[in-house]
Amino acid sequence: EKDLPNYVYIPTLNLVDYIKSLNVPVVCFPRGIKDFKNYCDIVKPDMINIDYDVDPSLFVKKIKTPVQGGLNPKILLTDKENLKKQTLKYLDTFKDHPYVFNLGHGVLPETNPDMVDYLVKTVKNYWMKKAVILFNLGGPDKLESVEPFLFNLFNDPEILSIPSIFRYPLAKFISKKRAPIAKNIYKEIGNKSPILKLTQEQAISLENNLSTKGDYKCFVVMRCWHPRANNVIKKVKEFNPEEIILL
């Protein structure tokens, strides 16, 4: 090990420097070494490849260099449950570290192509940005909002399934008549509906839980009061998810 810098690291550094001079990124795969930090400090590769003998949890604490590889190709010869478990171990470990998922060595000849397909989908699904939209009915956020909330509620065709020419004036009539009664009820529970606060708390809890499984972001939409769908859609578009899940 003590001779590695002179007989391996420095000669490798010369090769790396030359390749970098050609504006070509360099990925190094140093097998059998123990001190990866020393190797990276001396050789300075753009990325370092690791095999399955390297403990990724110890590696990521010491080295800032981008990492590639790690998964033992023999894992592909087991079952899907184990494959997913071992794959997620690497993805979770390097979640906040520059990382390219790959095998520690090449695919074995006897590997089932279906297992490779499952592996690719597992990795792709992990990094895919997903928006989760929680829908709820909504409720007034203050006493002044009770009547307009009731109007939105009764003007909803899913609530009153009659032609809009009749539904609109009827919703106006019902909301104005029921507003005083509803206000008294809301006064008993803090002058507003708790539904938005509770749904937002659910969204935060769900997002925290899902964040261990991939890149998820949760949004809240209320059908009859704020936040309304047209405003939340703008935030979802800014997040730019590859998949949207509606709850």
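Placed above this text is the structure.
Residues numbered from 1 in each chain as written. Predicted model: local features only at pLDDT ≥ 70, side-chain atom pairs only at ≥ 80, totals over all residues. Heavy atoms only, no water.

A.B. asks: An account of the sheet that holds strand β4 (residues 99–100) is requested, with residue identities and associated values reported.
C.D. replies: The 4 strands are arranged β1-β2-β3-β4 in an open sheet whose pairing can be described as parallel. Strand pairing shows two members of the sheet lacking a second neighbour, β1 (27–28) and β4, which therefore form its edges. Bridge count for strand β2 (residues 47–50) against strand β3 (residues 67–69) is 3 bridges, and the pairing is parallel. Across the sheet, the residue bridging to N49 is Q68, located in β3. Lying over the sheet, helix α2 (residues 36–43) contacts β1 and β2, oriented at roughly 150° with respect to β2. (Pairing = 2+ DSSP bridges. Helix = DSSP H or I, 4+ residues; strand = E, 2+ residues; numbered from the N terminus. Contact = heavy atoms within 4.5 Å. Axes fitted to C-alpha atoms, helices over the stretch in contact; angles between N-to-C directions.)

A.B. asks: Which residues make up the pattern of salt bridges, and what values do they have?
C.D. replies: Summed over all chains, the structure comprises 5 salt bridges. D156 is the partner of R223 in a salt bridge, and the nearest nitrogen-oxygen pair spans 2.4 Å. Separated by 67 residues along the polypeptide, R223 in the loop between β6 (216–222) and α9 (229–239) and D156 in the loop between α6 (146–154) and α7 (164–187) bring together distant segments of the chain. Residue classification places R223 among the partly exposed positions, given a relative accessible area of 44%. Among the ionic pairs, E201 bridges to K197, the shortest N-O distance being 2.6 Å. Linking E201 with K197, this pair stays in helix α8 (residues 195–210), spanning 4 residues, or about one helical turn. A relative accessible area of 40% means that E201 is categorised as partly exposed. What makes K197 exposed here is its relative accessible area of 52%. (Salt bridge = Lys/Arg side-chain N within 4 Å of Asp/Glu carboxyl O. Buried < 20%, exposed > 50% of the residue type's maximum accessible area, 1.4 Å probe, protein only.)

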